[in-house]
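Structural characterization, general
The residues making up each chain are set out below.
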Amino acid sequence: MIIHHHSATRVLVSIISLVTMSAFDACVIGEILIDLLPTRRGPLHTMRGFEIHSGGAPANVAVGICQFGGTAAMISRLGQDEFGRLALDRLMANGIDCSRVSLMPDEQTSLCFITLDQSGERSFTHRGGDPFGALSKADLDMDVIKGSRAIVFSCGALRSTASYAAVKQAVAGATGLICCDPGGFPRAWGVREEIHERIVEVASQCHIFKCSKDEGALYFGEAQPQMAVQKILNRGARLAVVTDGENGAYYATRKQSGHVAAPEVTVVDTTGAGDAFMAGLIFGLTRDESPEIPDEPHLRSIISFACRAGADAVTQLGAVNEPPSATGTRPL
């Protein structure tokens, strides 16, 4: 059951939906969280305060696409609580069409407490509910999925039998690029081995499969990113990208492969760096109407743009900030 909040928001959502419904660059299927960022570094028990940010990897990708000048819609669920309304308001303020985000009664919005060490690396502690875990085929809007230039999802959308079935239906009905950035997942989301199997299966149906170096080792058994991209291609993806933090990104298609170095920056917080990279990648790839993967040098320019976006993200606190400076260097 979808519970709409106040009428002004409902009218705004309806207007956005009517204007952009069939022309989204990306339809993002995934969880929306509230990130609580520490006001100082150190372990959780030493904290004295937190800043409230919107979060959840898929939501961060949608925000990034819109900040670059693209369009995005989200299919998700939130708790019908103050945190849910806060998250929804912030996503809408970034230009995301949230008319397909349900506010669920008697559910709590998921909270993620983040702590940072001295190098900016983060750890997560999850609390609250899991409204997105009950996503099903009934939550999908197939017209929007079919009309979008790309659909994007992460492993969070594969963690329940119902949500996994929904993703498979979305993949089967998509006419644009099918894109997966699996990410990591809390233990509470399900049996690790089962989700691994689903991720590897989904990779075979993706046009774009992007993961980090650690995730390449975790899901495909290959610790070397330049080899991991080949393993991902062997599973069926058309474009495989493996990011390696400050070392940049490795990529491969059936016809080409390469490496792009990351810009040197001062690291403040690594939260959302991979999401910013994915947003830059999707934004660059959806500039063309064709769902085909571009050849060099265009593809390399898109990967470079994504690296710049990821690098900019780590210079600020939190996963969602003002539009990155990478917008000044759009992909060719």
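Since the model is a prediction, treat every value here as computed from it, not as a measurement.

What to know about helix 2 (residues 57-67)
- Counting buried residues in helix 2 gives ten out of eleven residues, a clear majority hidden from the surface.
- Among all positions of helix 2, only Pro58, Ala59, Asn60, Val61, Ala62, Val63, Gly64, Ile65, Cys66 and Gln67 are buried.
- Where helix 2 is buried, its residues touch strand 1 (26-29), strand 3 (50-55), strand 4 (72-79), helix 3 (82-93), strand 8 (150-153) and helix 9 (273-285).
- Where helix 2 ends, the next residue or the one after it, glycine 69, has phi of about 110°, a positive value.

Regarding the pairing of strand 12 (residues 249-252)
- Judged by which residues are buried, strand 12 turns out to be covered on both faces: Ala249 and Tyr251 on one side and Tyr250 and Ala252 on the other are all buried.
- By the bridge criterion, four bridges tie strand 11 (residues 239-243) to strand 12 in an arrangement that is antiparallel. Bridging from a neighbouring strand, threonine 243 pairs with alanine 249 of strand 12.
- In this structure, the hairpin formed by strand 11 and strand 12 is closed by a connection of five residues, where glycine 245 is found at a positive phi of approximately 55°.
- Here strand 12 runs beside strand 13 (residues 257-260); their pairing, made up of four bridges, is antiparallel. Its bridge partner lying in strand 13, tyrosine 251 is registered against glycine 258.

Re the environment of proline 263
- Secondary-structure assignment places proline 263 in the loop between strand 13 and helix 9.
- Sequence separation between proline 263 and aspartate 312 is 49 residues, and the spatial gap between their C-alpha atoms is 8.8 Å.
- Leaving out residues up to four positions away in the same chain, proline 263 has contacts with Cys307, Arg308 and Ala311.

Section: the packing of helix 2 against helix 9
- The interhelical angle for the contact between helix 2 and helix 9, taken along N-to-C directions, is 50°, at an axis separation of 8 Å. With respect to helix 9, the element helix 2 is oriented oblique. Crossing hand, helix 2 versus helix 9: right-handed. Side by side, helix 2 and helix 9 meet where Ala57, Asn60, Val61, Gly64 and Ile65 of the first sit next to Asp275, Met278, Ala279, Ile282 and Phe283 of the second.
- A breakdown of the residues in the contact of helix 2 with helix 9 according to their chemical character gives seven nonpolar, two polar and one charged.

A closer look at the packing of aromatic side chains
- Counted according to the given criterion, the structure contains four aromatic pairs.
- Ring plane angle 55° and centroid distance 4.9 Å describe the contact between phenylalanine 68 and phenylalanine 305, whose orientation is recorded as tilted. Here phenylalanine 305 lies in helix 10 (residues 298-313) and phenylalanine 68 lies in the loop between helix 2 and strand 4, a separation of 237 residues in the sequence.
- Residue classification places phenylalanine 68 among the buried positions, given a relative accessible area of 2%.
- Accessibility expressed as a relative area gives 3% for phenylalanine 305, which makes it buried.
- Relative to phenylalanine 305, the ring of phenylalanine 283 lies with its centre 6.0 Å away and its plane at 40°, an arrangement referred to as tilted. Of this pair, phenylalanine 283 sits in helix 9 while phenylalanine 305 sits in helix 10, placing them 22 residues apart in sequence.

About the cut-offs
- Residues numbered from 1 in each chain as written.
- Predicted model: local features only at pLDDT ≥ 70, side-chain atom pairs only at ≥ 80, totals over all residues.
- Heavy atoms only, no water.
- Buried < 20%, exposed > 50% of the residue type's maximum accessible area, 1.4 Å probe, protein only.
- Helix = DSSP H or I, 4+ residues; strand = E, 2+ residues; numbered from the N terminus.
- Contact = heavy atoms within 4.5 Å.
- Pairing = 2+ DSSP bridges.
- Axes fitted to C-alpha atoms, helices over the stretch in contact; angles between N-to-C directions.
- Parallel < 35°, antiparallel > 145°, perpendicular 65-115°, else oblique.
- Left-handed = near helix turned anticlockwise from the far one by under 90°.
- Nonpolar A, V, L, I, M, F, W, Y, C, P; charged D, E, K, R; others polar.
- Phe/Tyr/Trp six-rings, centres within 6.5 Å; stacked < 30°, edge-to-face > 60°.

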